[in-house]
Amino acid sequence: MLNIVLFGPPGAGKGTQAEKLISKYNLVHLSTGDIFRSNIKGETDLGKLAKSYMDKGELVPDSVTIQMLEKEVEANQSANGFIFDGFPRTTNQAVALDEFLESIPTEVSLMLALEVPKKELIDRLLLRGKESNRVDDQDESIIENRIRVYLEQTAIVAKHYQSQGKHQSVDGQGSINEITERLFQVIDQQ
Ligand code: AMP
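On a predicted model such as this, the values are computed, not experimentally measured, just so you know.

Rules used in this analysis
Residues numbered from 1 in each chain as written. Predicted model: local features only at pLDDT ≥ 70, side-chain atom pairs only at ≥ 80, totals over all residues. Heavy atoms only, no water. Helix = DSSP H or I, 4+ residues; strand = E, 2+ residues; numbered from the N terminus. Rg over C-alpha atoms; globule rule 2.2 N^0.38 Å. Buried < 20%, exposed > 50% of the residue type's maximum accessible area, 1.4 Å probe, protein only. Near = heavy atom within 4 Å. Polar contact = N/O pair within 3.5 Å; in protein donor to acceptor, adjacent residues only side chain to side chain. Areas by Shrake-Rupley, 256 points an atom, 1.4 Å probe, with all protein chains shown as cover. Nonpolar A, V, L, I, M, F, W, Y, C, P; charged D, E, K, R; others polar. Phe/Tyr/Trp six-rings, centres within 6.5 Å; stacked < 30°, edge-to-face > 60°. Axes fitted to C-alpha atoms, helices over the stretch in contact; angles between N-to-C directions. Parallel < 35°, antiparallel > 145°, perpendicular 65-115°, else oblique. Left-handed = near helix turned anticlockwise from the far one by under 90°. Contact = heavy atoms within 4.5 Å. Core = buried A, V, L, I, M, F, W, Y, C linked by side-chain atoms within 4.5 Å. Pairing = 2+ DSSP bridges.

(A) Structural context of the overall build of the chain. Helix and strand counts for the chain come out as 9 helices and 5 strands. When the helices and strands of the chain are placed in sequence order, the string is β-α-β-α-α-α-β-α-β-α-α-α-β-α. Against the globule reference of 16 Å for 190 residues, the chain gives a C-alpha radius of gyration of 16 Å, in line with a compact fold. A burial count over the chain gives 48% of its 190 residues as buried.

Set out below in structure tokens:
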């Protein structure tokens, strides 16, 4: 299996690039943010719980998020592999993912970390907020909080994969196609 963790701060382009990767490598895209949003739309209990955190730009608790992600992987057992987009966001989640994948048995093949400067992240998110109805993209203080949460709780997850020799940084600036080509190159070199 080819299992890719697509990593980076909010606005780095993970969702956009995940779409390109799933079609080239025939992978299943698991975005925890998308799964939470579809639960909010369906007004499920999980959606109600997630919304109370997402509206503030905080992380949904690990226990809830990990359980939800594992259920999605189990529901796609015949997949060629997965793109994990927006997960793991804490070291606890990364450890849980390793243990869970080992039980299948498989493992994370590599982590691709999109690098984008903060100013550009904020500009991209505000633009997406105008073009979509994502509440968390429409308010600059929520965006700032998401970036702060990323720096305080999520950035450290890169170290987890660095210590396993699986971390690859990719320049996330430029045109969508340029960035996609960079990602393809790193994956194809594996
Ligand atoms: P995203 O669509 O990845 O930008 O995620 C939107 C929001 O969903 C985040 O700001 C968090 O509130 C929540 N979320 C998504 N993925 C996770 C995760 N792995 N752990 C905790 N919260 C998450």
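(B) Representation of the site of the ligand within the structure. The immediate surroundings of the ligand are formed by 16 residues, with Thr 32, Arg 37, Glu 58, Gly 86 and Arg 89 found nearest. Thr 32 places a side-chain nitrogen or oxygen 2.8 Å from a nitrogen atom of the ligand. Considering the ligand on its own, with 480 Å² of exposed area, one finds that the protein chains cover 96% of that surface. The dominant element in the shell around the ligand, judged by the number of residues it contributes, is helix 2 (residues 32–41), at 4 residues. Of the residues contributing to the shell around the ligand, the split by class is 5 nonpolar, 5 polar and 6 charged.

(C) Seen up close, the packing of aromatic side chains. Following the criterion strictly, the structure yields 3 aromatic pairs and no others. Relative to Tyr 150, the ring of Phe 7 lies with its centre 5.9 Å away and its plane at 45°, an arrangement referred to as tilted. Of this pair, Phe 7 sits in strand 1 (residues 2–7) while Tyr 150 sits in helix 7 (residues 140–154), placing them 143 residues apart in sequence. Owing to a relative accessible area of 4%, Phe 7 belongs among the buried residues under this scheme. Judged by relative accessible area, Tyr 150 falls into the buried class, the value being 14%. Between the aromatic rings of Phe 82 and Phe 84, the centroid separation amounts to 5.7 Å while the plane-to-plane angle is 25°, which identifies the pairing as stacked.

(D) The packing of helix 1 (residues 14–25) against helix 9 (residues 176–188), seen in detail. Where helix 1 meets helix 9, the axes come as close as 10 Å, and the angle between the chain directions of the two elements is 50°. With respect to helix 9, the element helix 1 is oriented oblique. The hand of the helix 1/helix 9 crossing is right-handed. Across the interface between the two elements, Thr 16, Gln 17, Lys 20, Leu 21, Lys 24 and Tyr 25 of helix 1 pack against Ile 176, Asn 177, Ile 179, Thr 180, Leu 183, Phe 184, Ile 187 and Asp 188 of helix 9. Here the residues of the contact of helix 1 with helix 9 sort into 7 nonpolar, 4 polar and 3 charged.

(E) Examining the nonpolar core more closely. Ranked by internal contacts, the top residues of the largest apolar core, which has 24 residues, are Ile 4, Leu 6, Leu 21, Ile 83, Leu 112, Leu 114 and Leu 183. Only strand 1, helix 1, strand 4 (110–115), helix 6 (118–131), helix 7 and helix 9 provide two or more residues apiece to this core. A per-element tally of this core places helix 9 first, with 5 residues. Discounting chain neighbours no more than four positions away, the residues touching Ile 4 are Leu 27, Phe 82, Ile 83, Phe 84, Leu 110, Leu 112 and Ile 187. Judged by nonpolar contacts, the second largest core, of 22 residues, contains Phe 87, Phe 100, Met 111 and Ala 158.

(F) Quick peek at the sheet that holds strand 5 (residues 167–171). With respect to topology, 5 strands assemble into an open sheet ordered 2-3-1-4-5, the strand pairing being parallel. At either margin of the open sheet sits one strand with a lone partner, and together these are strand 2 (28–31) and strand 5. Along the sheet, successive strands turn relative to each other by an average axial angle of 20°, direction set aside. When strand 4 meets strand 5, the two strands line up parallel, connected through 5 bridges.

By themselves, these are just geometric observations and shouldn't be taken as functional.
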